[in-house]
Amino acid sequence: MKDDQENTASPETLTPKKPSGLLDPVTGSIRLFRRWWRMVVRADVNQQAVIDKVREDSGFTPHFAFMTSMSAGIAILGLLLSSPAVVIGAMLLSPLMGPIMGAGFALAVGDSAWLKESGKAIILGSIISILFAGLVVTMSPLQTVTAEIAARTRPNLFDLLVALFSALAGAYAMIRGRMGTIVGVAIATALMPPLAVVGFGLATFNWAVFGGSLLLFFTNLMTIALTATAMAWLYGFRSYLSERQSQFQIAAMVIVFIALAIPLGLSLRQIAWEANVSRSANGYIKDQFGKRASVSQIEIDFDADPITVNATVFTPTIIAGAAEQSSRVLSRSLGRSIIVNVDQFKVETGEDAQSAELAAAKTQAQAREAEIQLTRLRENLALIAGVPVDDVTLDSNKRRAVVVAKPLPGATLASYHALEQRVASGAKDWSIRLQPPAIALPGVKIANGSVDPVSSKNLDLIIWASERIDLPLGMSGSAADRAVAREALMARNIAVAEEFDRGISGAGTSFRWLAPSESSDLEQ
């Protein structure tokens, strides 16, 4: 009877229930979510099709090399012109996402051959992009650091987040079969412009630009590749790695992300601090002068020691010692030594302050435009003369530009004259003087006691060159022909050191440059 009672006892009386813990609902929810993710989300992913697609786009091919170089060329032109639209056009062509995604998936599945193939494409594509962008910069007359270029030389934590979000979107679209141009642009945003800026820094020997943009590219590259790896793991792609190797990869990824995040976080902190200094300086200076005053401009030099703040204020009342007071307050509040220079301009009312500020802004804009025109003029003259930019002499007061040209293969005197005219046509109100090398001078024909109309251009070229080259002029021909040519030259104040009689009357005259000693011997 007792045995029957024991056999009929319920399982609950045989196995006592474990007391429920506080975290049981959480762990149960996690188990349910993981089951749902495995059975619903992962189930409809064709892993082999995704791997085949990613592998197809991750190798180095002639098409990849051509599209990479074209993308780099367009990107550097957009950066030099400060044109975001052109830079976006370069991103549309960039094929760099393929091998970087390939490297990420190869890491996830543990395929070393695939990883080497993708790494080769990344390295060669990067080298091609840098060299082609550098070549474009070398051939370009514009080699100044624009705002678009400067924005990619100081990476911070936000740049890492841009690369992270782009990689998440790219990997998700790749895995779910929703790949498109827009996702490729998101990836290229973080890759191609920094590579083009690396080429700019290399071509201009600007190592600050080179180093900053290279760090940005490396940061974005590693972030995108490792994020793709993490997404592949999340979607359960089959791996050839052991559990220990997988754990090692995860640890390495965490270390890399931390190593990248620390310096980028410090850079972001510095940028935030500089923004705070700018905001504090502007706010305090404005409060010091009151509501009727207007702070027109504030420029801060953070590289100076101490930090220097230059401000322009339009105010109804001139305040003595305003710069010293601002220096003391800002230095105390920000904990750094700061020197403030304040230029005060007296106006009557607040409206006058606004008008004066607008006038000052207009004057400043005109000054910037004039500076840009001077830079372009200097660069154009240097380009056509074949000399460094520093060899061009500009006199802004007299609006005069002078440059001594180097001998160009196959160039005649007419070629140099045409080059000077081309620059002069784009520089109104400027006197452009391109000094040609002392090359061969054309001859001048004489007909019926006057200069032949066909040779009048040659005579103009001789006069033009004589006005620019400080060498005496020698002339040969018959006495009658020389007399006609001499009279035409003297009318333009061009002196001639004659040589002995050569040729017959009507045959024309020939000219050549004389060395100064040769001219002295003739005069004696």
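S.K.: Before we move on, could you go through the nonpolar core and cite the residues and values that matter?
M.R.: Ranked by size, the top nonpolar core spans 37 residues in total, and within it Leu377, Leu381, Ile432, Leu434, Leu473, Leu489 and Phe511 carry the most contacts. When residues of this core are traced back to their parent elements, those giving at least two are α16 (350–385), β5 (400–404), α17 (413–425), β6 (431–435), α18 (456–468), β9 (473–477), α19 (479–490) and β11 (510–513). If one sorts the elements of this core by residue count, α18 sits on top with six residues. Counting 33 residues, the second largest nonpolar core, distinct from the first, contains Ile122, Ile130, Phe217 and Ala225.

S.K.: Which residues make up the sheet that holds strand β4 (residues 393–395), and what values do they have?
M.R.: Spatially, three strands are ordered β4-β5-β6 in an open sheet, and the strand pairing comes out mixed. Two strands bound the open sheet, and with one partner strand each, they are β4 and β6. The sheet shows a mean angle of 10° between the axes of neighbouring strands, taken without regard to direction. With three bridges joining them, β4 and β5 adopt antiparallel strand pairing.

S.K.: Run through the environment of Pro99, naming residues and quoting values.
M.R.: With respect to the secondary-structure elements, Pro99 resides in helix α7 (residues 97–109). The buried category is assigned to Pro99, whose relative accessible area is 0%. The sequence separation of Pro99 and Ile123 amounts to 24 residues, and the corresponding C-alpha distance is 9.7 Å.

S.K.: Describe in detail unusual backbone geometry, supporting the description with residues and values.
M.R.: A positive phi angle, close to 55°, is found at Phe205, a residue other than glycine. Its relative accessible area of 62% is what places Phe205 among the exposed residues.

S.K.: Tell me about helix α13 (residues 207–234), residues and numbers included.
M.R.: Compared with the 40 Å implied by 1.5 Å per residue over 28 residues, the 40 Å span of α13 between its first and last C-alpha is a close match. Looking one or two residues past α13, Gly236 carries a phi angle of roughly 70°, positive in sign.

S.K.: Lay out a nonpolar patch on the surface with the relevant residues and their values.
M.R.: Nonpolar side chains collect at one region of the surface, where Ile123, Ile127, Leu131, Leu202, Phe205 and Trp207 lie side by side and expose about 650 Å² of accessible area between them. If you trace the backbone, Phe205 turns up in the loop between α12 (192–204) and α13.

S.K.: Give me the lowdown on the environment of Asn276, citing residues and values where you can.
M.R.: Tracing the chain through its elements places Asn276 in helix α14 (residues 243–289). Residue Asn276 is classed as partly exposed on the basis of its relative accessible area of 26%. Residues Asn276 and Leu334, spaced 58 residues apart in sequence, show a C-alpha to C-alpha distance of 8.9 Å.

S.K.: Any details on the packing of aromatic side chains? Residues and values, ideally.
M.R.: If you walk through the whole model with that rule in mind, you get three aromatic pairs. When the ring of Phe60 is compared with that of Phe64, the centres are 5.8 Å apart and the planes differ by 70°; the resulting orientation is edge-to-face. Judged by relative accessible area, Phe60 falls into the partly exposed class, the value being 32%. Where Phe205 meets Trp207, the ring centres are 6.1 Å apart and the plane angle is 75°; that geometry is what we call edge-to-face. If you follow Arg55 out to its NZ or CZ, it ends over the ring of Trp114, 4.5 Å from the centre.

S.K.: Please provide a residue-by-residue account of helix α8 (residues 112–139), values included.
M.R.: Along its 28 residues, α8 runs 41 Å from first to last C-alpha, staying within 8% of the 40 Å computed at 1.5 Å per residue. If you check which residues of α8 are buried, you get Trp114, Ser118, Ala121, Ile122, Gly125, Ser126, Ser129, Ile130, Ala133, Gly134, Val136 and Val137. Among the structural elements, α4 (47–56), α5 (62–80), α7, α12 and α13 are those in contact with the buried residues of α8. Looking at where α8 begins, the residue whose side-chain oxygen comes 3.3 Å from the main-chain nitrogen of Ala113 is Asp111.

S.K.: Report on the side chain of Asp481, specifying residues and quantitative values.
M.R.: By the element assignment, Asp481 lies in helix α19. For Asp481, which is buried and forms no salt bridge, the nearest opposite charge comes from Arg482, at a distance of 8.6 Å. Within the structure, Asp481 has its side chain in polar contact with the side chain of Ser478 (distance 3.2 Å).

S.K.: Explain the pairing of β5 residue by residue, including any values.
M.R.: Looking down a regular strand, the side chains alternate between one sheet face and the other. Only one face of β5 is buried, namely the one carrying Ala401 and Val403, since none of Arg400, Val402 and Val404 on the opposite face is buried. Where β4 folds back onto β5 in an antiparallel hairpin, the turn is made up of four residues, including Arg399, whose phi is positive at roughly 50°. In this structure, β5 lies alongside β6, joined through five bridges in parallel fashion. Across the sheet, Arg400 pairs through a bridge with Ser431, a residue of β6. Crossover β5 to β6 through α17 is right-handed.

S.K.: How would you summarise the pattern of salt bridges if you had to cite specific residues and measurements?
M.R.: Summed over the entire model, instances satisfying the criterion amount to five salt bridges. Here Arg152 and Glu148 are joined by a salt bridge, their closest N and O atoms 3.0 Å apart. No difference in accessibility class separates Arg152 from Glu148, as the two residues are buried. Among the ionic pairs, Arg468 bridges to Glu467, the shortest N-O distance being 3.5 Å. The class for Arg468 is buried, based on a relative accessible area of 13%. Classification of Glu467 as partly exposed rests on a relative accessible area of 37%.

S.K.: Tell me about the environment of Thr308, residues and numbers included.
M.R.: Residue placement: Thr308 occurs in strand β2 (residues 307–315). A relative accessible area of 17% means that Thr308 is categorised as buried. Through-space distance from the C-alpha of Thr308 to that of Ser337 is 9.0 Å; in sequence the pair is 29 residues apart. In contact with Thr308, not counting residues within four places along its chain, are Glu299, Ile300, Asp301, Ile339 and Asn341.

Reading guide: rules and limits
- Residues numbered from 1 in each chain as written.
- Predicted model: local features only at pLDDT ≥ 70, side-chain atom pairs only at ≥ 80, totals over all residues.
- Heavy atoms only, no water.
- Core = buried A, V, L, I, M, F, W, Y, C linked by side-chain atoms within 4.5 Å.
- Buried < 20%, exposed > 50% of the residue type's maximum accessible area, 1.4 Å probe, protein only.
- Helix = DSSP H or I, 4+ residues; strand = E, 2+ residues; numbered from the N terminus.
- Pairing = 2+ DSSP bridges.
- Axes fitted to C-alpha atoms, helices over the stretch in contact; angles between N-to-C directions.
- Expected span 1.5 Å × (residues − 1).
- Patch = residues over 30% accessible without salt bridge, like charges linked within 9 Å, V, L, I, M, F, W, Y side chains within 5 Å.
- Areas by Shrake-Rupley, 256 points an atom, 1.4 Å probe, with all protein chains shown as cover.
- Salt bridge = Lys/Arg side-chain N within 4 Å of Asp/Glu carboxyl O.
- Phe/Tyr/Trp six-rings, centres within 6.5 Å; stacked < 30°, edge-to-face > 60°.
- Lys NZ or Arg CZ within 6 Å of the ring centre and 35° of its normal.
- Contact = heavy atoms within 4.5 Å.
- Polar contact = N/O pair within 3.5 Å; in protein donor to acceptor, adjacent residues only side chain to side chain.
- Lys, Arg positive; Asp, Glu negative; His and termini not counted.
- Right-handed = clockwise from strand over helix to strand, strands pointing away.

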